[in-house]
Amino acid sequence: QVEIKIRVFDEKNTFLDDTYETLTFENPSQTIEITSPFSGDELNPLNFQIAWSEVQGAEYYLVKASYKIDANQSNEAALNSGTPVINNFNAGTRLTIGTSEPNVLQRELLEGSRLVIQVTAHISGVGGGSNIYSKIIPVTIQSLTNGMGGNSENNVLSEIDGFINK
């Protein structure tokens, strides 16, 4: 509810009258928020969850993710360029998906890459309905190989060997 007060003054700034009106807004603007992952998170390339807040009346949710090739590229430009990693995956009315689920990923997740994610809620209505978009969340895909492509145990042993033989 919002109360609006109008006060009327003449040209000499002498108070003449006032009135009050209370307005009630029945349908406030809805928003959708990605609740996981958080902006800047490092994610496991083998599987991670994407979760979001519920939008009342949403018929379905679409998830989209694309690589951010250049650090200077805007999140919006990254989301809408190239071939998406997740191409508007329809999650139905669920509020979470995992990247290991069938048909979620359209491309392989590349270790060490930057990714941007957005979720869209579709609400049915006149003229095809409307979409509510989340903020675009930038994340990084972890590198599981730690360097030269070998496993971490071999890398640690190489570092120890290098230290001893200095």
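In the block above lies the structure referred to throughout.
Bear in mind the structure is a predicted one, so any value in this text is a computation, not a measurement. (Residues numbered from 1 in each chain as written. Predicted model: local features only at pLDDT ≥ 70, side-chain atom pairs only at ≥ 80, totals over all residues. Heavy atoms only, no water.)

1. A word on the packing of aromatic side chains
Pairs of aromatic rings are described using the distance from one ring centre to the other and the angle between the two planes.
Moving on, step 1. Applying the stated rule across the entire model yields two aromatic pairs.
Moving on, step 2. Seen in terms of ring centroids, Phe9 and Phe15 are 5.7 Å apart; in terms of plane orientation they differ by 70 degrees. Their pairing is edge-to-face.
Moving on, step 3. On the basis of relative accessibility, which here comes to 37%, the residue Phe15 falls in the partly exposed class.
Moving on, step 4. Ring plane angle 50 degrees and centroid distance 5.7 Å describe the contact between Trp52 and Tyr61, whose orientation is recorded as tilted. One exposure class covers both Trp52 and Tyr61, and it is buried. (Phe/Tyr/Trp six-rings, centres within 6.5 Å; stacked < 30°, edge-to-face > 60°. Buried < 20%, exposed > 50% of the residue type's maximum accessible area, 1.4 Å probe, protein only.)

2. Considerations on the pattern of salt bridges
Moving on, step 1. In this structure the tally under the stated criterion is two salt bridges.
Moving on, step 2. Between Arg7 and Asp18 there is a salt bridge, and its shortest N-O distance comes to 3.9 Å. One end of the pair, Arg7, is in strand S1 (residues 2–9); the other, Asp18, is in strand S2 (residues 15–23), with 11 residues separating them in the sequence.
Moving on, step 3. For Asp18, a relative accessible area of 26% translates into the label partly exposed.
Moving on, step 4. Among the ionic pairs, Arg94 bridges to Glu101, the shortest N-O distance being 3.1 Å.
Moving on, step 5. Look at Arg94 and you get partly exposed, because its relative accessible area is 37%.
Moving on, step 6. Take Glu101: its relative accessible area is 25%, and that puts it in the partly exposed class. (Salt bridge = Lys/Arg side-chain N within 4 Å of Asp/Glu carboxyl O. Helix = DSSP H or I, 4+ residues; strand = E, 2+ residues; numbered from the N terminus.)

3. As for the nonpolar core
Moving on, step 1. Within the largest apolar cluster, 28 residues are counted, with the highest numbers of intra-cluster contacts made by Ile50, Trp52 and Leu115.
Moving on, step 2. For this core, the secondary-structure elements that each account for two or more residues are strand S5 (49–52), strand S6 (58–67), strand S7 (86–90), strand S9 (114–123) and strand S11 (137–141).
Moving on, step 3. Look past the residues within four positions of Trp52 in its chain and what remains in contact with it is Ile32, Glu33, Ile34, Thr35, Tyr61, Val63, Ala91, Arg94, Leu95, Thr96, Ile97 and Val119. (Core = buried A, V, L, I, M, F, W, Y, C linked by side-chain atoms within 4.5 Å. Contact = heavy atoms within 4.5 Å.)

4. Comments concerning the environment of Glu33
Moving on, step 1. Along the polypeptide, Glu33 turns up in the loop between S2 and strand S3 (34–36).
Moving on, step 2. Here the alpha-carbon distance between Glu33 and Ser134, two residues 101 residues apart in the chain, equals 5.3 Å.
Moving on, step 3. Setting aside anything within four residues of it in sequence, one finds Glu33 in contact with Ala51, Trp52 and Ser53.

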